[in-house]
Amino acid sequence: MSAWVLPDHIADVLPSEARHIEELRRGLLDTARCYGYELVMPPLLEHLESLLTGTGEALDLQTFKLVDQLSGRSMGLRADTTPQVARIDAHLLNRQGITRLCYCGPVLHTRPDRPHATREPLQFGAEIYGHAGLEADLEALQLARECLRVADVQDTTVDLADVRVVGSLLRGVAPDAQVLAAIHAALAAKDTGELAVLTRDFPRDSREGLMALPHLYGDQSVLVEAEKVLQRFSDVPRLLSNLKWLASRLDGATVTFDLADLRGYAYYSGARFAIYAPNASDALVRGGRYDEVGAVFGRNRPAAGFSLDIKQVVSVVLPRALKAAIRAPWGEASDVNAAIAQLRAAGETVVCVLPGHESEVDEFHCDRELVRVADRWVVQAV
């Protein structure tokens, strides 16, 4: 095999796409800062027990593992940043009030999490700690929508669910972890045949409620139907009311509901959301409430947030136009170098043409040129 062949689902990012990714990264971080979110930078590598404790099997299977040559301890390359940010909130900051944190950095997956996905996503996320009310869920949703607007993603649909609906239907039933995981997978796939097999020995109310969930997806009429079908479960009306409240405050958004959607990592504990775009094969954003995520670090704080893969977002939007640039001659004269320095200090991109390369086409498609007129250097249109 050639030495330059990369592993499957791992790729170099070439200049035009890299520029788009970097511009979007800066735009998303600036957007989060405008909402009051502080940037944190967790390490890519951590001790395995810290990285995975309390996150569930799905994240464990996605995590690359290795042995630390200094300590001999098992380590992991993060597959998701949320548990790390929960550790920072619990141990390093340890604030009493509201804490808003954001991050942006690579994560690594042992397998692609969707068809044609990279195994090296560039994950951006934002999380709010310390508020148990729906206001925090709404803020996470609003910021997620604003981030997609900044990325020029059009015609999005917000899909809402709540993992506690399934929890309510399973109350009094104690399936083992393997059966519970299979139920979650059948619900997510809307596989009613498999669900019927898995729940055949369940109490009648629980079984009928679970069998109804795969059909409860669509517009707001889904919630009306769910109120009728699931009225025997005391917690469900409140959870459905919460989803209505969130949907009513997403001005201008197309909102759908999928009460069987349990996809993602095991730490979600309440309302969840996914945001889709017409030309994307999977959700561009996933988020929600995960109040238990900090418990393993000794501080069980309310938490809500979201994450997205910037590489995925860039793949479904039009390339951004290059910023206009200026072509300049290479030289050692102090006057031309001073003129170039002044332009760059003003924020212009100035590309110096090296000797012998005057006829080459540059990446920046310069539309202006620095030329000498009389005794001074001026910029003229090409």
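Fair warning: this is a prediction, and the values are worked out from it, not measured in the lab.

The next subject is the packing of aromatic side chains. By the definition in use, this model includes 2 aromatic pairs. Centroid distance Phe124 to Phe306: 6.2 Å. Interplanar angle 55°. Geometry classified as tilted. Of this pair, Phe124 sits in strand S6 (residues 122-129) while Phe306 sits in strand S12 (residues 303-309); the two residues are 182 residues apart in sequence, bridging distant segments of the chain. In terms of burial, Phe124 and Phe306 fall into one category: buried. Centre to centre, the rings of Tyr268 and Tyr290 are 5.8 Å apart; their planes meet at 65°, and the pair counts as edge-to-face. One end of the pair, Tyr268, is in the loop between strand S9 (254-258) and strand S10 (271-276); the other, Tyr290, is in the loop between strand S11 (285-289) and S12, and 22 residues separate them in sequence. Residue class for Tyr268 comes out buried when judged on its relative accessible area of 13%.

This part takes up the pairing of strand S3 (residues 64-67). Two strands pair when backbone bridges link them, and S3 and strand S4 (residues 74-77) are joined in this way by 4 bridges, in the antiparallel orientation. Bridge pairing in S4 links Val67 to Ser74. Remark: 6 residues form the turn of the hairpin made by S3 and S4, two consecutive strands paired antiparallel; Gly72 in that turn has positive phi of roughly 80°.

Mean pLDDT over the chain works out to 91, with 97% of the residues at or above the 70 mark. Looking over the chain, one finds the lowest element-wise mean pLDDT in helix H3 (residues 57-62), namely 82, and the highest in strand S1 (residues 38-39), namely 98.

As summarised here, the arrangement of the 3 strands in space is S2-S4-S3, forming an open sheet in which the pairing is antiparallel. The sheet is open, and its two edges are formed by strand S2 (45-47) and S3, each paired on a single side. Direction aside, the axes of adjacent strands within the sheet are offset by 35° on average.

Remark: helix H10 (residues 221-229) packs on helix H11 (residues 236-248), axes separated minimally by 10 Å, with the N-to-C direction vectors making an angle of 170°. As the angle between them shows, H10 and H11 are arranged roughly antiparallel. Only Leu240, Leu243 and Lys244 of H11 make contact with H10, whose side of the interface consists of Leu223, Ala226 and Glu227. Of the residues belonging to the contact of H10 with H11, the class tally is 4 nonpolar, no polar and 2 charged.

Cut-offs and rules
- Residues numbered from 1 in each chain as written.
- Predicted model: local features only at pLDDT ≥ 70, side-chain atom pairs only at ≥ 80, totals over all residues.
- Heavy atoms only, no water.
- Phe/Tyr/Trp six-rings, centres within 6.5 Å; stacked < 30°, edge-to-face > 60°.
- Helix = DSSP H or I, 4+ residues; strand = E, 2+ residues; numbered from the N terminus.
- Buried < 20%, exposed > 50% of the residue type's maximum accessible area, 1.4 Å probe, protein only.
- Pairing = 2+ DSSP bridges.
- pLDDT = per-residue confidence, 0-100.
- Axes fitted to C-alpha atoms, helices over the stretch in contact; angles between N-to-C directions.
- Parallel < 35°, antiparallel > 145°, perpendicular 65-115°, else oblique.
- Contact = heavy atoms within 4.5 Å.
- Nonpolar A, V, L, I, M, F, W, Y, C, P; charged D, E, K, R; others polar.

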